[in-house]
Amino acid sequence: EETLEPPSIQMAEVEIYFLDETRYEAGTEPYEVAVVREIHPDAFLPRLALQAYFDGPTDEEASQGLRSVLSGCTGFSDLTIKDGVARVFLEGPCSSGGSTYTIANPIMLILKKFDEIKYVKIYDAEGNTAVPDGNSDSIPFSLEP
């Protein structure tokens, strides 16, 4: 009887950036540390990279002081990419809480690692962002410090 082996799939590696609390507290930039996640190559990689960020660091990564800064956001409802501009629609009561470091920082870092993304526009749960049109980055007023 012949045994069929499942085809081996070369997983795609994407970089996810988490805040390194030690570096942040010391004021040492960059504040983020990249970790690698393996994702099925046929997947919509930018979406899964964002989802991996919301899933947070592994226990081992967390023990090294890495964490997700969510700024009150609970997830995202949509991610579109058109003409080099990614649009991320956040969910939940997003707020900077007066901080200059928000969820917008790692989202921009993660998405700009993809060649097809030049600019990132982040929208709040109500669908607002500061600069909705044009080739520029944008965040909602709720994430301004």
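The paragraphs below set out a description of the structure included in this document. Since this is a predicted model, take the numbers as computed values, not measurements. Here the residue index of a chain counts from 1 through its sequence in written order. Selection of residues for local features in this predicted model requires a pLDDT of at least 70, selection of side-chain atom pairs for listing and counting requires 80 or more, and totals for whole chains, interfaces and linings are taken over all residues. The side-chain figures draw on all heavy atoms in the structure; neither hydrogens nor water molecules are used.

### Some remarks on the pairing of strand 6 (residues 119-123)
Here comes step 1: The rule is simple: take the accessible area with a 1.4 Å probe, protein chains only, and divide by the maximum for that residue type; under 20% is buried, over 50% is exposed, in between is partly exposed. In this description a helix means any DSSP run of H or I spanning at least four residues, a strand means any run of E spanning at least two, and both kinds are numbered starting from the N terminus. Along strand 6, four of the five residues are buried, which leaves the element largely enclosed by surrounding structure.
Here comes step 2: As judged from the five bridges shared by strand 5 (residues 85-91) and strand 6, these two strands associate in the parallel manner. From the neighbouring strand, V85 faces strand 6, where its bridge partner is Y119.
Here comes step 3: Seen with the strands pointing away from the viewer, any crossover whose path from the first strand over the helix to the second strand runs clockwise is right-handed. Read as a crossover between parallel neighbours, the route from strand 5 over helix 4 (residues 104-112) to strand 6 is right-handed. In this scheme, strands are said to pair when DSSP sees at least two bridges between them.

### Quick notes on the environment of P30
Here comes step 1: Looking at the element boundaries, P30 is found in the loop between helix 1 (21-26) and strand 2 (32-39).
Here comes step 2: Accessibility expressed as a relative area gives 47% for P30, which makes it partly exposed.
Here comes step 3: The sequence separation of P30 and L19 amounts to 11 residues, and the corresponding C-alpha distance is 9.1 Å.

### Brief notes about the pattern of salt bridges
Here comes step 1: By definition, a salt bridge exists where a carboxyl oxygen of Asp or Glu is found within 4 Å of a side-chain nitrogen of Lys or Arg. Tallied over the full model, the rule gives five salt bridges.
Here comes step 2: For E15, the salt bridge is made with K113, and the minimal N-O distance between the two is 3.6 Å. Residue E15 is found in strand 1 (residues 12-20), and its partner K113 is found in the loop between helix 4 and strand 6; the two are separated by 98 residues along the sequence.
Here comes step 3: Under the relative-accessibility criterion, E15 is labelled partly exposed at 32%.
Here comes step 4: Here D137 makes a salt bridge to K112, at a shortest N to O gap of 2.5 Å.

### Topic: helix 4
Here comes step 1: Where helix 4 is concerned, the buried positions are A104, P106, I107, M108, I110 and L111.
Here comes step 2: Contacts from the buried residues of helix 4 go to strand 1, helix 2 (45-55), strand 4 (75-82), strand 5 and strand 6. It only takes one pair of heavy atoms within 4.5 Å for two residues to be counted as in contact.

### Here's the deal with the sheet that holds strand 5
Here comes step 1: Taken in spatial order, the three strands line up as 4-5-6 in an open sheet, and their pairing is mixed. Two strands lie at the open edges of the sheet, namely strand 4 and strand 6, each paired on one side alone. For this sheet the average axis-to-axis angle between neighbouring strands, irrespective of direction, equals 15 degrees.
Here comes step 2: In this sheet, strand 5 lies alongside strand 4 in antiparallel orientation, the contact comprising seven bridges. Interaxial angle, 0 to 180 degrees, is taken between N-to-C directions of lines fitted to C-alpha atoms, where a helix line uses only the stretch in contact.

### As for helix 2
Here comes step 1: Within helix 2 the residues assigned to the buried category are L45, P46, A49, L50, A52, Y53 and F54.
Here comes step 2: In this fold, the buried residues of helix 2 make contact with strand 1, strand 2, strand 4, strand 5 and helix 4.
Here comes step 3: Remark: G56 follows helix 2 within two positions and exhibits a positive phi of approximately 90 degrees.

### Observations concerning the packing of aromatic side chains
Here comes step 1: Any two of the Phe, Tyr and Trp rings considered here, Trp counted by its six-membered ring, make a pair once their centres fall within 6.5 Å; the pair's planes then place it as stacked at under 30 degrees, edge-to-face at over 60, or tilted in between. This model, assessed by the stated rule, comprises seven aromatic pairs.
Here comes step 2: Arranged with centres 6.2 Å apart and planes meeting at 75 degrees, the rings of Y31 and Y101 form a pair that is edge-to-face. Of this pair, Y31 sits in the loop between helix 1 and strand 2 while Y101 sits in the loop between strand 5 and helix 4, placing them 70 residues apart in sequence. As far as the burial class goes, Y31 and Y101 line up, both buried.
Here comes step 3: With 5.8 Å between their ring centres and 35 degrees between their planes, F54 and F76 make a pair best called tilted.

### A closer look at the state of the cysteines
Here comes step 1: A pair of cysteine sulfur atoms is labelled a disulfide when the two atoms are within 2.5 Å. Inspection of the entire model under this criterion finds one disulfide.
Here comes step 2: The disulfide bridge from C73 ends at C94, spanning 2.1 Å between sulfur atoms. Of this pair, C73 sits in the loop between strand 3 (66-67) and strand 4 while C94 sits in the loop between strand 5 and helix 4, and the two are 21 residues apart along the sequence. A single burial state applies to C73 and to C94, both of which are buried.

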